[in-house]
Amino acid sequence: MADGSWYDADIDHVIISEAQIREKTAELAKQVSADYAGVDGLLLVCVLKGAVMFMADFARALGRHGPPAELDFMAISSYGQGTTSSGVVRILKDLDRDIAGRHVVVIEDIVDSGLTLSWLLRYLESRSAASVEVVALFRKPDAVKVPVPVKYVGFDIPTEFVVGYGLDFGERYRELPYVGVLKPEVYARA
Ligand SMILES: O=P(O)(O)OC[C@H]1O[C@H](OP(=O)(O)OP(=O)(O)O)[C@H](O)[C@@H]1O
Ligand SMILES: [Mg+2]
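Keep in mind it's a predicted model, so treat the numbers as computed, not measured.

Participant: What am I meant to see in the overall build of the protein here?
Facilitator: Along the protein, the regular secondary structure elements total 4 helices and 9 strands. Order of helices (α) and strands (β) in the protein, N terminus to C terminus: β-α-β-α-β-β-β-α-β-β-β-β-α. In terms of overall dimensions, the protein is globule-like: its C-alpha atoms have a radius of gyration of 16 Å, near the 16 Å expected for 190 residues. Projected onto its principal axes, the C-alpha positions of the protein cover 50 × 35 × 30 Å. Taking all 190 residues of the protein together, the buried fraction comes to 49%. Taking contacts inside the protein between residues at least 6 apart in sequence as the whole, the part at least 24 apart equals 69%. As displayed, the protein has an accessible area near 8,900 Å², and 52% of this comes from carbon and sulfur atoms. In the protein, 20 side chains carry a positive charge and 27 a negative one; their mean positions are 2 Å apart.

Pasting the structure below:
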């Protein structure tokens, strides 16, 4: 995977390549487009920060097929600087507008323990959305502590801490175009 980028020295191995992400994103967009054909006012809710890359790519892929969708963003954090979910979810940025009666599709980068999404789904339903479904690009099926309904899943991946494509370790590595596992010495340096 080495392409001469600064981060090559930190990555032990790639889990999902840039091309795989691109192809899967197009596939997921076609599925959502077909399921929401004719829906008015579809709202995509991106869970910052991690899903920022996926939201940007998925929204454009969906745009090729329709229906039109509005974008909103929430920032919630339960990982902070660590590698395991604290389970305590903090709203860092709330939705901009009322979602009562709206059809909402949550755009997530990864479902790990499920704690973040479990909290978010309860929160969105408390805001009286007409429907809430989830698109998650990655899921760690063996790490799930709280089962959450995810209608659209890109990739099931092993229970390893991964970085890239929005996913961070201590706010670093989000800009990587693929998803990989860090070398052990990177954690020792942190
Ligand atoms: O299923 P869980 O165990 O809850 O983990 C999944 C969540 O953790 C990460 O966010 P994080 O809390 O790291 O915030 P960030 O997206 O700003 O990095 C990731 O983006 C998911 O939102
Ligand atoms: Mg994070």
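Participant: How should the sheet that holds strand E5 (residues 103-111) be read in this particular structure?
Facilitator: To summarise the sheet geometry, strands pair through backbone hydrogen bonds and adopt either a parallel or an antiparallel arrangement. What the 6 strands build is an open sheet, ordered E4-E3-E2-E5-E6-E7; its pairing is mixed. The open sheet is flanked by strand E4 (90-93) and strand E7 (152-156), the only strands paired with a single partner. Sheet twist, expressed as the mean angle between neighbouring strand axes with direction ignored, is 25°. Taken strand by strand, helix H1 (residues 18-35) contacts strand E6 (131-139) and E7, and its axis lies near 160° from that of E7.

Participant: What should I look at first to understand the packing of aromatic side chains in this one?
Facilitator: To describe a pair of aromatic rings, one takes the distance between the centres and the angle between the planes. Counted under the stated rule, the structure contains 8 aromatic pairs. Taken together, a centroid distance of 6.0 Å and an interplanar angle of 75° make the contact between Tyr7 and Tyr178 edge-to-face. Placement of Tyr7 in the segment before strand E1 (11-16) and of Tyr178 in the loop between strand E8 (162-163) and strand E9 (179-182) is noted, with a sequence separation of 171 residues between them. Judged by its relative accessible area of 7%, Tyr7 falls in the buried class. Between Phe138 and Phe155, the ring centres sit 5.9 Å apart and the planes meet at 25°, which makes this aromatic pair stacked. Here the residue Phe138 occupies a position in strand E6, and Phe155 occupies one in strand E7, the gap between them amounting to 17 residues. Note on accessibility: Phe138 and Phe155 belong to one class, buried. Taken together through their ring pairs, the aromatic side chains of Trp6, Tyr7, Tyr173 and Tyr178 make up a single cluster. We note Lys24 situated over the ring of Phe155; from NZ or CZ to the ring centre the distance is 5.3 Å. A cation over a ring is seen here: Arg172 above Tyr173, with NZ or CZ 5.2 Å from the ring centre.

Rules used throughout
Residues numbered from 1 in each chain as written. Chains lettered and ligands numbered in written order. Predicted model: local features only at pLDDT ≥ 70, side-chain atom pairs only at ≥ 80, totals over all residues. Heavy atoms only, no water. Helix = DSSP H or I, 4+ residues; strand = E, 2+ residues; numbered from the N terminus. Rg over C-alpha atoms; globule rule 2.2 N^0.38 Å. Buried < 20%, exposed > 50% of the residue type's maximum accessible area, 1.4 Å probe, protein only. Contact = heavy atoms within 4.5 Å. Areas by Shrake-Rupley, 256 points an atom, 1.4 Å probe, with all protein chains shown as cover. Lys, Arg positive; Asp, Glu negative; His and termini not counted. Charge placed at Lys NZ, Arg CZ, Asp CG, Glu CD. Pairing = 2+ DSSP bridges. Axes fitted to C-alpha atoms, helices over the stretch in contact; angles between N-to-C directions. Phe/Tyr/Trp six-rings, centres within 6.5 Å; stacked < 30°, edge-to-face > 60°. Lys NZ or Arg CZ within 6 Å of the ring centre and 35° of its normal.

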